[in-house]
Amino acid sequence: MTMIFGIPLMVLFGQLMLGLINGAFYALLSLGLAVIFGLLRIINFAHGAQYMLGAFAALLGAQYLGLNYWTALIVVPLVVGALGIVVERLLLRRIQHLDHLYGLLLTFGLALIFEGTLVNLFGVSGSSYPIPEALSGGFKLSFMFLPTYRAWVLVAALVVCFGVWFLIERTRLGAYLRAGTENPELVQAFGINVPLMVSLTYGLGVALAAFAGVLAAPLYPVSPAMGSSLLIVVFAVVVIGGMGSILGAILTGLAMGLIEGLTKVFYPEAANTVIFVVMVMVLMLRPAGLFGKEA
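Owing to the predicted nature of the structure, the values given are computational and were not obtained by experimental measurement.

Trainee: Quick question: what am I supposed to make of helix α1 (residues 9-40) here?
Mentor: Helical geometry note: an α-helix holds 3.6 residues per turn, so side chains three or four residues apart project in the same direction. With 32 residues, α1 should reach 46 Å at 1.5 Å per residue; the first-to-last C-alpha distance of 45 Å fits that figure. Across the 32 residues that make up α1, a large majority, 25, are buried. Residue R41 follows α1 closely and has a positive phi angle near 60°.

Below you can see the structure in the form of structure tokens.
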């Protein structure tokens, strides 16, 4: 059996594939954070809770409404995104001219409310969401057995991530969004409804978190704490890529998943901290992040 640094090649490639799939989740969640911060300058600490709401909405929709997985992939992000628009209009808009710290504290409080409410209703133990029949089974690769659902997660996450990047960076609508956040008075003078664009942008970021939650439901136990355990890692990924950088969030999320996967092979004890070590090193050398712009 071929070995690299004493590690079987099959084990190495298998762990890299799993790391890439985890990186797809990091990229998707980091993208939502980057969209919200980059365009609205809101540090959305409720992002993990919104990811958890997406998973719970898919689970409860299946149990009580007969909502299948494919319908949930479309309906749940729209519903949770609409909830995000309500939050932006009723709460965040009132503090948009204040320091960023107020937005962070407000969204942190919302996260505690969402999580606490679901703990009271459903407890802390996780529930399972079945893998759709069309995505059961897997592929026998030369170096590992790849479950079909994990392959689907990787493809779906990448398509959505680069689709959102193209929308914001390469279309007229994206240009309006960027201009509306940099000079809202000028853009509004051209007849564009800037407050509506702001609400829709926040809703888009929240919908991305909910979409990731639906993708995660068949892989991980659906519990009220599933978002809080992931949020700090995702924030670290966003900081490494550069706060507000759309492409940075995507590429860094994928890269951090691969680095985490490699660490689990060569030094498992450091797997839970390697991303934060990378964050510290990047901030020391490039405080704005790898793809961020100096203020």
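The rest of the description comes next.
Trainee: Got a minute to help me understand the nonpolar core in this structure?
Mentor: With 92 residues, the main nonpolar core has L215 and I275 as its most contacted residues. Residue contacts for I275: discarding those within four places in its chain leaves Y26, V233, A236, V237, I240, M256 and E260.

Trainee: Would you mind showing me how to read unusual backbone geometry here?
Mentor: Of all residues except glycine, most have a negative phi; of all peptide bonds, most are trans. Even without a glycine there, the phi angle at R41 is positive, about 60°. Mapped onto the secondary structure, R41 falls in the loop between α1 and α2 (47-64). When its relative accessible area of 43% is taken as the criterion, R41 is described as partly exposed.

Trainee: Please clarify how the environment of I131 should be interpreted in this entry.
Mentor: Topologically, I131 is positioned in the loop between α4 (100-122) and β3 (138-140). Take I131: its relative accessible area is 40%, and that puts it in the partly exposed class. The spacing of I131 and Y149 is 18 residues in sequence and 7.4 Å in space, taken between C-alpha atoms. Dropping the residues within four chain positions of it, I131 is found in contact with S136, Y149 and P218.

Trainee: What am I meant to see in helix α8 (residues 194-216) here?
Mentor: Over its 23 residues, α8 extends 33 Å from the first C-alpha to the last, a length consistent with the 33 Å expected when each residue adds 1.5 Å. For α8, the tally of buried residues reaches 18 of 23 residues, placing the bulk of the element in the interior. Capping of α8 at its N-terminal end is provided by N193; its side-chain oxygen lies 3.2 Å from the backbone amide nitrogen of L196.

About the thresholds
Residues numbered from 1 in each chain as written. Predicted model: local features only at pLDDT ≥ 70, side-chain atom pairs only at ≥ 80, totals over all residues. Heavy atoms only, no water. Helix = DSSP H or I, 4+ residues; strand = E, 2+ residues; numbered from the N terminus. Expected span 1.5 Å × (residues − 1). Buried < 20%, exposed > 50% of the residue type's maximum accessible area, 1.4 Å probe, protein only. Core = buried A, V, L, I, M, F, W, Y, C linked by side-chain atoms within 4.5 Å. Contact = heavy atoms within 4.5 Å. Polar contact = N/O pair within 3.5 Å; in protein donor to acceptor, adjacent residues only side chain to side chain.

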